[in-house]
Amino acid sequence: MLKNDTFLRALQRQPVDYTPVWLMRQAGRYLPEYCATRKVAGSFLQLCKSKELATEVTLQPLERFPLDAAILFSDILTVPDAMGLGLYFAEGEGPKFERPLRDEAAIKALAVPDMHELQYVFDAVSSIRAALDNRVPLIGFSGSPFTLACYMIEGGGSDDFRRVKTMMYDRPDLLHHILEINALTVIDYLNAQIDAGAQAVQIFDTWGGALAYGKYQEFSLAYMSKIVAGLKREKDGQRIPVILFTKGGGQWLEDLAATGCDALGLDWTVNLAEARRRVGDKVALQGNFDPNALFAKPVAIEQEVKRLLADYGNGSGHVFNLGHGISQFTNPEHVAALVEAVHRHSKAYK
Ligand code: CP3
């Protein structure tokens with residue numbers, strides 16, 4: 001039995017005593033202890049591949065702050081790596097692929113990888129679950145098919161998604177083929193994380209918001225819908241909630257809510273009260289504190305927390321989070337102030 005199931009209850013819009021909180025990228029470079037463990041591992045990828053070290057860094061933020069959920073320490077790009085694209089991190093440049101998808105033959109050869117290639121991720125999930133000892137639930141995750149395709153086609157990060165968008169307009173059949181393979185892979189990958197012990201899953205659609213109206217529905221949303229339909233939603237009598245997060249997806253909340261997911265992640269551009277009105281009782285909402293507001297003093301952070309809690313209003317169905325990942329330049333003391341303010345001020349709304 002979980003000692004703290006507030007996060008899972010909020011996702012199912014069941015009564016809670018306070019608003020649960022976790023932070024995207026809560027384990028990361030803003031924590032000196034993370035940097036120390038990463039040094040021991042030798043590289044970020046080695047850190048992901050060692051279940052002992054991945055477990056250690058997953059638990060680090062929980063030792064510092066009373067967070068209501070843990071998130072598997074890994075990366076969305078483990079999936080294309082398992083497909084044979086050759087993931088590497090160039091110092092100070094972010095992720096890159098040795099063999100990006102640049103021609104029709106490579107695209108046609110793309111296949112759902114054997115899940116054994118990702119066994120190290122499932123081993124990390126089991127190891128983290130054991131170390132958590134039911135303290136809080138563990139979140140598993142993957143990238144969305146479209147967001148993964150952006151990295152697979154561009155070969156790394158991109159400002160303009162030139163190659164992906166050229167393919168989308170010139171050869172939509174090729175992009176659809178990649179997205180189909182990605183969706184089938186993500187279904188297997190998340191179901192295996194659930195089998196290994198993930199108690200909720202989140203799909204990160206970091207780049208869906210870069211798509212035009214209509215193209216978002218066709219090239220990102222449709223494949224996330226397919227994943228939602230293919231996931232195990234219950235294990236050992238417990239619901240496994242699914243959270244969809246499209247950064248920049250505020251204008252498509254009704255479409256996202258109609259996928260059958262349990263909750264929507266919101267970036268900071270959305271008003272929580274309005275979002276709640278729009279999705280009604282279909283889904284819970286997660287978000288949406290501006291990560292850059294964490295640079296401000298604790299008193300300003302507390303004001304922003306109070307504003308968001310008031311915007312959401314009374315009752316359950318809200319998981320407090322950032323609107324995107326935490327910056328590496330964040331002061332951990334400011335994170336402590338955020339978590340404390342959420343727990344303290346949210347009780348009045350329950
Ligand atoms: O939230 C957590 O604590 C879990 C771990 C997690 C990481 N990446 C660790 C990480 C999660 C959930 C992700 C998801 C991820 N990875 C996304 C989707 C969410 C988002 O941020 O938009 C994306 C697009 C990636 C791809 C990726 N991985 C990028 C663009 C980068 C470089 C950015 C940077 O901050 O340097 C990474 C590397 C990465 N993934 C780091 C961490 C902690 C930093 C690596 C390091 O230690 O040097």
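Structure: above.
Residues numbered from 1 in each chain as written. Predicted model: local features only at pLDDT ≥ 70, side-chain atom pairs only at ≥ 80, totals over all residues. Heavy atoms only, no water.

As a further point, take the site of the ligand. Around the ligand, the structure places 22 residues, and the nearest of them are R25, R29, Y34, R38 and H324. Within the side chain of D75, an N or O atom sits 2.7 Å from a nitrogen atom of the ligand. One of the side-chain nitrogen or oxygen atoms of T206 is found 2.7 Å away from an oxygen atom of the ligand. For the ligand, whose free accessible area comes to 870 Å², the fraction covered by protein is 88%. Given that more than half its atoms are within 2 Å of the pocket grid, the ligand belongs to the largest pocket. Classifying every residue of the shell around the ligand gives 14 nonpolar, four polar and four charged. (Near = heavy atom within 4 Å. Polar contact = N/O pair within 3.5 Å; in protein donor to acceptor, adjacent residues only side chain to side chain. Areas by Shrake-Rupley, 256 points an atom, 1.4 Å probe, with all protein chains shown as cover. 1 Å grid on protein atoms, 1.4 Å probe; cavity = no way out; pocket = protein on both sides within 12 Å on 5 of 7 lines; lining within 4 Å. Sits in = over half its atoms within 2 Å of the grid points. Nonpolar A, V, L, I, M, F, W, Y, C, P; charged D, E, K, R; others polar.)

A few words now on unusual backbone geometry. The step from G287 to N288 runs through a cis peptide bond, and the omega angle for that step is -15°. Assignment of secondary structure puts N288 in strand β10 (residues 284–289). The phi torsion at R25 lies on the positive side, around 65°, for a residue other than glycine. Among the secondary structure elements, R25 is positioned in the loop between α1 (6–11) and α2 (32–41). (Helix = DSSP H or I, 4+ residues; strand = E, 2+ residues; numbered from the N terminus.)

Right, let's get into the layout of surface pockets. Considering only enclosed or pocket space, the largest pocket measures out at about 1500 Å³ in volume. Lining the largest pocket are 46 residues, and of these R25, R29, F44, D75 and F89 sit closest to its centre. The greatest single-element share of the lining of the largest pocket, amounting to four residues, is contributed by α2. Along the lines of polarity and charge, the residues of the lining of the largest pocket split into 23 nonpolar, 15 polar and eight charged. When residues of the lining of the largest pocket are sorted by domain, at least three fall in each of domain 1 (1–26 + 268–350) and domain 2 (72–265). Of the volumes computed, that of the second largest pocket is approximately 440 Å³. At the level of elements, α1 and β7 (238–239) are the ones that each hand at least two residues to the lining of the second largest pocket. (Points joined across faces, edges and corners; volume = space filled by probe spheres on them. Domains from an automatic or database assignment.)

Next up on the list: the packing of aromatic side chains. As enumerated under the stated definition, the model contains nine aromatic pairs in all. An angle of 50° between the planes, with centres 5.6 Å apart, marks the rings of Y34 and F73 as tilted. Taken together, the residues span a long stretch of sequence, with Y34 in helix α2 and F73 in the loop between β1 (70–71) and α5 (78–85) at a distance of 39 residues. Residue Y34 is classed as buried on the basis of its relative accessible area, which comes to 4%. Both rings, one in F161 and one in W207, keep their centres 5.3 Å apart while their planes meet at 55°; by these two values the pair is tilted. A residue pair is termed long-range when its members are at least 10 positions apart, and F161 in the loop between α8 (145–154) and α9 (162–170) and W207 in the loop between β5 (200–205) and α11 (215–230) qualify at 46 residues. The class of W207 is partly exposed, set by a relative accessible area of 23%. Against the face of Y120 rests K49, its NZ or CZ located 5.3 Å from the ring centre. (Phe/Tyr/Trp six-rings, centres within 6.5 Å; stacked < 30°, edge-to-face > 60°. Buried < 20%, exposed > 50% of the residue type's maximum accessible area, 1.4 Å probe, protein only. Lys NZ or Arg CZ within 6 Å of the ring centre and 35° of its normal.)

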